[in-house]
Amino acid sequence: MSGPVEHLRRAHTRLLASLRQNFRADLLAGITVMVVLVPQALAYAMLAGVPPVYGLYAATIPPLLYAFVGSSRFIAIGPVALTALMIASGLESLAEPGSSEWAELAILLSFEVGVLFVLLGMVRAGFVVNFLGHPTILGFNAAAGLITVGSQLRPFLGIPRELLVDLSATKPWPVLMHLGSVHLPTLAVASGSLLALVLMRRYAERWPNYLLVCVAGIVLAWALDLPGHGVEVVGEVPRGLPMPTIPQFELDTMVSLLPAALSILVVGYASSMTVVKALEAKARGTVEPNRELLAFGVANLASGLFGSFPVSSGLARSTVVAQAGARTRMTGLIAALGVLFALLVIGGVFAWLPRSVLAAIVMLAASSLIDVSGVREVFRVKRADGVTAALTFLATLVIGLEVGLFIGVIAALVFFVGRTMRPHTAELGRIPGTSVYRNVDRVEVAQTCPQAGLLRIDAPLYYANARFLEDRIAAMMATHESMKLLALDFAAVSDMDATAVMSLERLIEALRAGGNDLHIIGAIGPVRDLFVRSRLHELLGQDHLHRNLAEAAPKLVEAVDRRYCEGSCRVSAFPSCTLIPRAALVREQGKAARFTPQI
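Cut-offs applied
- Residues numbered from 1 in each chain as written.
- Predicted model: local features only at pLDDT ≥ 70, side-chain atom pairs only at ≥ 80, totals over all residues.
- Heavy atoms only, no water.
- Helix = DSSP H or I, 4+ residues; strand = E, 2+ residues; numbered from the N terminus.
- Rg over C-alpha atoms; globule rule 2.2 N^0.38 Å.
- Buried < 20%, exposed > 50% of the residue type's maximum accessible area, 1.4 Å probe, protein only.
- Contact = heavy atoms within 4.5 Å.
- Pairing = 2+ DSSP bridges.
- Axes fitted to C-alpha atoms, helices over the stretch in contact; angles between N-to-C directions.
- Right-handed = clockwise from strand over helix to strand, strands pointing away.

Visitor: Give me the lowdown on the overall build of the protein, citing residues and values where you can.
Guide: When its secondary structure is counted, the protein shows 24 helices and eight strands. By the compact-globule yardstick of 25 Å for 599 residues, the protein is too spread out, its C-alpha radius of gyration being 33 Å. Expressed along its principal axes, the backbone C-alpha trace of the protein runs to roughly 105 × 80 × 60 Å. The buried share of the protein, reckoned over its 599 residues, is 50%. Expressed as a percentage of contacts within the protein between residues at least 6 apart in sequence, the contacts between residues at least 24 apart total 77%.

Below, the structure written as structure tokens:
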């Protein structure tokens, strides 16, 4: 018994030492995050179309549980602007925004997102988000940010709801047709809040800008009786947490919510992992993607149990966590306890908070999603990726969030398949005086053998590009009439499918039927295994398989026509070519000597 007891005692000692060492830093970081989280939670709940208090619910229990289940100290679980917008987009065809049915569907959506996260975590499927590339995220985020800004125009301008009964969260632009109905006191509060937020972000980055603006708005609303002047405020905020309740599940409703749930899962997880991996790498930490799937699942299930909407990790809050000096996941726990304190003790104060202040907070947060410089960089690096970002942006803006995201993924896959259908290949030549072979299109001095060609293939071979390889080799043989031998550099071929193997078999048979031959150089282990399992290894022969160019060069020189080398060839494409007597070179040197003027 002493062994396990001693092990537990030592573990307890290490835990206490870690707490003493990191508690102060985590406490300060947790308070910093809480100051940002409270106003964000209220604002993003309004964006999602649910009562503001739901945002506080989502900022308590989910981060509390994540602290025990997750793997990253920088994940800041809670309400997120992009997720809130996707909730509104997914529910707008199923219920009336702000209605009790809308709130019930938001809670059910949180459950569905949580179940999907847990299922993916159980099968260790964190890789699925890799299909959401950076250009797609750039285009989607930019469109979503613009839509989010537009969705806050009505509360920002104070236009009465009665004039925009059918206004959609993802199609907010009809509000611009009612600019004559702007409520000036509301506009003044919103404009002042936005101006203060922008100025503090630029000149006082360390100030809790969201909290200060909310406090100022509450004080002004109380002191000047802004509700009496027509300025909308949050209204009564219930104190405490609701009792955990499992919502009623209906199959038809779950199916209707599935597109929104999948979009929230993919976008929320992919954007969170992208940011957190960079932050952890900078701090020399690690994050476990599959464990994060389970942690996100637990957080969303808890959010649904306690009557709130789907949660994720925001870019801005994760950055705040890192900048605040978080040491452990206790930072998130402390921040959640701070939100819980606010909910239990001072929840009534939020009743005076103007909704136009929350609209300004959402607008500022959403503007950070629009990364113009990132789009320019993508266009500069790879035009196809820039087109993917532009297509995703337009589709998301015009059609909708889920469809736009789907179109972005499909566009990226189409461009990828298009690139692999015509993979990069390079005819190689030897740089004189060395054993180095380079692409002849890039290095002019590289010399190629008229009889033995070298072709490097820079991609896996599969059914979509097998025909391209056949055509490329046929064109190369036709261009060099004296070429009787071809060597394929397979060092960059990481895989082949059955179609590519059979295509290569047909190619070897066709070349040999025409009096030509083929060698393969540098095939990696898994590709050589494919050769052995097929008849390709037997057809090609072990003497036609070479580990590298240095080993292959002497064999290729032996296989070419020696008489052509001595009588007609003027280049040294392989190191051993320098040992071959060249009649053509002797004749050219003799002519040069006869016509050289004597001084």
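What follows continues from the structure just given.
Visitor: Please give an account of the sheet that holds strand β7 (residues 517-521) that cites residues and values.
Guide: Pairing in this open sheet of six strands is mixed, and the strands run β4-β3-β5-β6-β7-β8 from one edge to the other. If you trace the sheet from one side to the other, it starts and ends with β4 (437-439) and β8 (545-546), each paired once. In this structure, strand β5 (residues 452-457) lies alongside strand β6 (residues 485-489), joined through five bridges in parallel fashion. The residue bridging G453 from the neighbouring strand is L486, located in β6. This element, helix α18 (residues 466-479), spans β3 (425-430), β5 and β6 of the sheet and lies at about 150 degrees to β5. Each of β6 and β7 touches helix α19 (residues 498-513); the most contacted strand, β7, lies at about 140 degrees to it.

Visitor: Account for the pairing of β6, with residues named and values stated.
Guide: Of all five residues making up β6, five are buried, and the element is well covered by its neighbours. Neither face of β6 is exposed, since L485, A487 and D489 on one face and L486 and L488 on the opposite face are all buried. For the crossover from β5 across α18 to β6, the handedness is right-handed. Here β6 runs beside β7; their pairing, made up of five bridges, is parallel. Bridge pairing in β7 places D489 opposite I521. Between the parallel pair β6 and β7, the chain is carried across by α19, and the sense of this crossover is right-handed.

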